[in-house]
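Each chain is listed here by its residues.
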Amino acid sequence: MRSRASDIKRQPSDINSHLSIPPTAWYRSLTAAGLRNPQVHGCARYWLRVEGSFTRALQKQCTRSFHVDVRQEGFAPPSLEESRRLDIPPRQHAWIREVRLCGDGEPWVLARTVIPLSCLEGEGRRLLHLGNRPLGAYLFSSPLWQRGPLETGVCNPAVAGQPQLARRSLFSGHNSSLLVGEYFLPALFGRNAL
């Protein structure tokens, strides 16, 4: 089943516009996404279906180093599609974190996390202070968070080098859910994932 396309807005003056997240249509079925973009069934398939920590899977591909580069984070309204997916009121602010996951000195994945205010109570306040630490390390080390089913994203890139495929899932805990999206840059597919 297809959900409505994200309406994520980017600054047109970004000199690294290929490192921005394009509008994305989300599918709950890998097969349905594959009808829109056959690359889903190619080398991207491994990354679209990684179980457990995506960050850990990326780290295993590194020969030298892995790091998280925080692009921006702060309180802002999510897109209308993200608000619907999280079942929060439109225009309600959330903590939004966008990072680049970099292996061996180059960006492999763009990640966007939308954290509703209700997730930021109690222990959830730690999510405001991750800095350059991976979000996955926190989520998968805490018994309070459970990941829901993966969705496959088919992106609509505006410039060469932008992601064409993505994945996302809800993590539920603290009587609320947060949304984690991972958008694959072309450099990721040069890695031997098997």
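Sequence order as written defines residue numbering, which begins from 1 separately in each chain. With the structure being a predicted model, the display of local features is reserved for residues of pLDDT at least 70 and the display and counting of side-chain atom pairs for 80 or more, all residues being used for whole-chain, interface and lining totals. Excluded from the side-chain calculations are hydrogens and water; all other atoms, namely the structure's heavy atoms, are used.

Peer 1: Would you mind going over the pattern of salt bridges in detail, with residue names and values included?
Peer 2: Whenever a carboxyl oxygen of Asp or Glu lies within 4 Å of a side-chain nitrogen of Lys or Arg, that contact is scored as a salt bridge. Counted by the stated rule, this structure contains 10 salt bridges. Note that Arg 147 is salt-bridged to Glu 51, the shortest N-O span being 3.8 Å. In this pair, Arg 147 is assigned in strand 6 (residues 146-147) and Glu 51 in the loop between helix 2 (44-48) and helix 3 (54-61), connecting sequence segments 96 residues apart. Buried means the residue's accessible area, taken with a 1.4 Å probe over protein chains only, is under 20% of the maximum for its type, while exposed means over 50%, and partly exposed covers the values in between. Looking at Arg 147, the relative accessible area reads 23%, which means it is partly exposed. Across the salt bridge formed by Arg 112 and Glu 82, the nearest N and O atoms sit 2.7 Å from each other. Strands here mean DSSP runs of E at least two residues long; helices mean DSSP runs of H or I at least four residues long; both are numbered from the N terminus.

Peer 1: Lay out the nonpolar core with the relevant residues and their values.
Peer 2: What we call a nonpolar core is a set of buried Ala, Val, Leu, Ile, Met, Phe, Trp, Tyr and Cys residues that are connected through their side-chain atoms within 4.5 Å. Core analysis: the biggest nonpolar cluster contains 24 residues, and Trp 47, Phe 54, Leu 58, Leu 101, Val 109, Phe 184 and Leu 188 have the highest contact counts within it. Mapped onto this core, the elements with two or more residues apiece are strand 2 (24-27), helix 1 (30-36), helix 2, helix 3, strand 3 (66-76), strand 4 (94-103) and strand 5 (106-116). A contact between two residues is defined here by any heavy atoms of the two lying within 4.5 Å. Ignoring anything within four residues of it in the chain, the contact list for Phe 54 reads Trp 47, Val 109, Arg 167, Glu 182 and Phe 184. Among the nonpolar cores identified, the runner-up in size contains 13 residues, and Cys 119, Leu 120, Tyr 138 and Trp 145 belong to it.

Peer 1: Explain the environment of Ser 65 to me, using residue names and the numbers behind them.
Peer 2: By secondary structure assignment, the location of Ser 65 is in the loop between helix 3 and strand 3. On the basis of relative accessibility, which here comes to 35%, the residue Ser 65 falls in the partly exposed class. Sequence-wise, Ser 65 and Cys 102 are 37 residues apart; in three dimensions their C-alpha atoms are separated by 8.3 Å.

Peer 1: Let's hear about the environment of Trp 26: which residues, and what values?
Peer 2: Inspection of the secondary structure assignment puts Trp 26 in strand 2. Linking Trp 26 and Ala 166, residues 140 residues apart in sequence, is a C-alpha distance of 8.7 Å.

Peer 1: So, unusual backbone geometry: which residues are in play, and what are the values?
Peer 2: Even without being a glycine, Asp 87 presents a positive backbone phi close to 60°. Assignment of secondary structure puts Asp 87 in the loop between helix 4 (80-86) and strand 4. The exposure class of Asp 87 is exposed, given its relative accessible area of 70%. Of note, the phi angle at Asp 104 is positive, near 50°, even though the residue is not glycine. By secondary structure assignment, the location of Asp 104 is in the loop between strand 4 and strand 5.

Peer 1: Outline the state of the cysteines, listing residues and values.
Peer 2: To count as a disulfide, a pair of cysteine sulfur atoms needs to be within 2.5 Å. Evaluation of the coordinates by the stated rule reveals zero disulfides. Note on Cys 102: no disulfide assigned, nearest cysteine sulfur contributed by Cys 62 at a separation of 9.5 Å. According to the relative accessible area criterion, Cys 102 is buried, its value standing at 5%.

Peer 1: How would you explain the side chain of Gln 162 if you had to name every residue and give the values?
Peer 2: The residue Gln 162 is located in the loop between strand 7 (151-155) and strand 8 (165-173) in this model. Here a polar contact means two N or O atoms within 3.5 Å. Within protein one must be a hydrogen donor candidate and the other an acceptor candidate, and residues neighboring in sequence count only if both atoms are side-chain atoms. Reaching out from Gln 162, the side chain makes a polar contact with the backbone nitrogen of Ala 158 at a distance of 2.6 Å.

Peer 1: Outline the environment of Leu 86, listing residues and values.
Peer 2: By secondary structure assignment, the location of Leu 86 is in helix 4. With a relative accessible area of 9%, Leu 86 lands in the buried category. Every residue in contact with Leu 86, bar those within four places of it in the chain, is listed here: Val 114, Pro 116, Leu 170, Ser 177, Leu 178 and Leu 179.

Peer 1: So what's going on with the packing of aromatic side chains? Which residues, and what values?
Peer 2: Aromatic rings from Phe, Tyr and Trp, taking only the six-membered ring of Trp, are treated as a pair when their centres fall within 6.5 Å; an angle between ring planes under 30 degrees marks them as stacked, one over 60 as edge-to-face, and anything in between as tilted. Summed over all chains, the structure comprises seven aromatic pairs. Both rings, one in Tyr 46 and one in Trp 47, keep their centres 4.9 Å apart while their planes meet at 85°; by these two values the pair is edge-to-face. On the basis of relative accessible area, Tyr 46 is assigned to the partly exposed category, the value being 32%. Under the relative-accessibility criterion, Trp 47 is labelled buried at 1%. Look at Trp 47 and Phe 54: their rings are 5.7 Å apart centre to centre, the planes differ by 75°, and that puts the pair in the edge-to-face class. Joined through ring pairs, the aromatic side chains of Tyr 46, Trp 47, Phe 54, Phe 184 and Phe 189 make up one cluster.

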